[in-house]
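Structural overview for review
Given next are the chains, with one letter for each unit.
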Amino acid sequence: MPSDHEVAAGPSAPRRLSAAPTEGQRLHPFSLLFSIGQAARNLLIPGLLVWFAADNNRYELFLMVLFVPATLRALLKYATFRYRFAEGELVMKEGLIFRNERHVPFHRIQNIDWTQNPLHRLLRVASVRVETAGGTEPEAELQVLTVPAAEEMRHRVFEEKRRAGDPAAASLWVPDASEKRELARLGVGDLVLLGLISNRGLAIAAAGLGVAWELDFFDPSKWEEWFAGSLGQFIERVPDTWLWRSTLILAAILTAIVALRLLSVAWALLQFWNFRLAEQESGLRATYGFFTRHTSTIPRPRVQLVTQIESIGQRWVGRRGLRVVTAGGDADDDDQSRRRWLLPIGERKVVARLADLVQPETAAPDLDWQPVEGRAFRRVVKRELLIAVGVLVLPVLWWSAWWGTVVLLTVPWAIWDARARVRRMRWALSGAGFHFRSGLWTHKVSAVRFNKIQTVQCVRSPFDRRYGMATLAVDIAGLGNADHRIHVRYLDSELAESLRVRLANEAATTRFRW
Amino acid sequence: MSEAGEEVGPEPPQRFRFETNPNLLRPDRPSTLEPAPTSEESTGDSLSIADGIERRVAPDSIRADRISGWIALLVLSGGGAVATGLLVALSGWPLPIRLALMGVWAFLTAAGLWLAHGWPALQWRRTSFRVDAGGIEIRKGVLWRRVINVSRSRIQHTDVSQGPLQRRFELATLIIHTAGTEHATVDLAGLSHATALKIRDHLISGEGDDAV
């Protein structure tokens, strides 16, 4: 509730201790359910695995003991947590003995994200995250609020921001009703395609193997049992000829491939079920997910980098994906990493259009893509041949002349690889941004606005200096491990220097806004 | 944005030239590859540091770095001497191996001496900075030569830190924090403390805009 309660904390004092009696709104009582449920999930699943594997009941007791503090904490948080909307800021208090009061000025709030899994939806509540620009974790996590309360929170915060006249903030959020148009939607067909060309199944299978390992599934005696059973008998019955053997091996490989693809498809379907991307007044909103329904809002001003990605699989089917880097949140957190997909798969034209829509400043119909130095090919091929010949061909040749001749094939491959790698790497300047593309197997094309450039760096390694080259590195906020780094290598060193000066000047003359 | 998948045609690679917007290119600095810093770091008290002049860091930083190098060498080489001495005296290995061991120690110590003495000077020669109204440009690195530009408007906060040796020589390290990822902190060591403070004051005297 808006109150005339005095609040003096400025942006530099987000935390303040206070002994004042708490007032304001509570979390929903179901919070207890979800906090305890979360603790149960965190404790129970690994606990159960250990329990099954260990074959004794000591862990049951152990778990119960661990549960007590989690439950107490949940109770304490529910009993003491209050939030209220004060003038210009969101105030949250919690704690009984150690009291913590956090003031989050509205102008620092970047995004209010909420998540609803099926249980949330059943109980009509939502878990709300208040995100600010800096830091790796959300400023506040309100678990859980009723849907109207969550809506109110979103409404209040962004209305306040708008009223404060924050030019960037004014466009950050618009209520659900003001959704302007749908930009993309993924049907079952798209998701199946996405699953077929992604390698996610491999990761799932690896995780499954890990669990199986934990459960002593790989006990040799079990294997023997299994082999002596139906499979062993089947293998024994197969005629012992070269043809039959290879057929069997081929069939096994095919089965594995099909199984992995099916896993990938299942992953894609569950993860991106009913994917919708809609345009709002000045941002985008993506909703997707089968079990847990995710809603992420991407305010356009917050986008730091837009990358179009084409993996080999996507190229085969003429598709590509679109990722954005936004500031705030831990970039390497799995959840955050998933959120960065603006569109996991789409037709090339659609994705290219979408990229322009997300970052209209860098939309340029015909970019003048510049190659890196022509001499780079010689440099890269020298390095790759040195590795291929020195590490592979020579030792193998020494060991066996026949195999040595076979691995000699890596030489033309190295030449092709070097050529393709150097030719893929290109850069371009448009009116308001820098563009970079690279990647031999996975093609990536990125665009960054000048006002999102943090630092510009030019590096010359000893090799670079020998060849008169340099690497230009442009740093931006919020990059994760999987994101496209802007490292333009093999530039002529004079050119790299003038590019650096140009980009640094562009950065200096523009204002950075998260 | 143009097509990502388009094939690159066989056009001859052209040298890129900035013809569109030449005034952004600062024609007064045609080649910036190996600038010759014109001045030592001091500016006098009245002049602003933000004059766009390439400056070296304080020469005293060579002495400070040498001393810290010698201290490190003393520890490492002393430890090595004890270990070598013990092995030579007690191991009962054949004489050539023992001699070789001593040789290795002597060689490493000599190399360390050369590094401890020579490296700080090399580093000093390769370190320079330039501050102007837009921000700071830092050059450093002997083998990997870097030039880093940070604009004032991108600086989140700055630190000026002084270790014990630096305090002795009145030196300081300027540490600049940006919101970036890979180079989120940029540091410049070897400045005199006064200069570091001057640069800091210039860099963070912004418009006081907090609207992130």
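Remember, it's a predicted structure, so these values are computed and weren't measured experimentally.

In this section: the pairing of strand S2 (residues 128–131) of chain B. Residues and elements named next belong to chain B. The alternating pattern of S2 places Ser128 and Arg130 on one face and Phe129 and Val131 on the opposite face, and all of these are buried. Two elements, strand S1 (residues 54–56) and S2, share 3 bridges in a ladder whose sense is antiparallel. Bridging across to S2, glutamate 54 finds its partner in arginine 130. Looking at chain direction, S2 and strand S3 (residues 135–140) are connected through 4 bridges and run antiparallel.

What follows is about the pairing of strand S4 (residues 145–151) of chain B. In terms of residue burial, S4 of chain B counts as a mostly covered element, since 6 of its 7 residues are buried. Alignment of strand S19 (residues 455–460) of chain A against S4 of chain B, held across 6 bridges, turns out to be antiparallel. The partner of cysteine 458 of chain A across the bridge, within S4 of chain B, is valine 147 of chain B. Relative to S4 of chain B, S3 of chain B is paired through 6 bridges, and the arrangement is antiparallel. Across the sheet, residue glutamate 137 of chain B finds its bridge partner in S4 of chain B, namely asparagine 149 of chain B. Hairpin connection between S3 of chain B and S4 of chain B: a loop of 4 residues separates the two successive antiparallel strands, and glycine 141 of chain B in this loop has a positive phi of roughly 105°.

Further remarks concern the sheet that holds strand S15 (residues 370–371) of chain A. Residue and element names in this part refer to chain A. What the 7 strands build is an open sheet, ordered S14-S13-S12-S18-S17-S16-S15; its pairing is antiparallel. Here the strands that pair on one side only, and so sit at the sheet edges, are strand S14 (341–347) and S15. In terms of strand pairing, strand S12 (residues 303–310) meets strand S18 (residues 443–449) through 5 bridges, oriented antiparallel. What sits directly across from isoleucine 309, in S18, is lysine 444. Across the sheet, helix H5 (residues 188–197) is in contact with strand S13 (319–326) and S14; its angle to S14 comes to roughly 95°.

Parameters at a glance
- Residues numbered from 1 in each chain as written.
- Chains lettered and ligands numbered in written order.
- Predicted model: local features only at pLDDT ≥ 70, side-chain atom pairs only at ≥ 80, totals over all residues.
- Heavy atoms only, no water.
- Buried < 20%, exposed > 50% of the residue type's maximum accessible area, 1.4 Å probe, protein only.
- Helix = DSSP H or I, 4+ residues; strand = E, 2+ residues; numbered from the N terminus.
- Pairing = 2+ DSSP bridges.
- Contact = heavy atoms within 4.5 Å.
- Axes fitted to C-alpha atoms, helices over the stretch in contact; angles between N-to-C directions.

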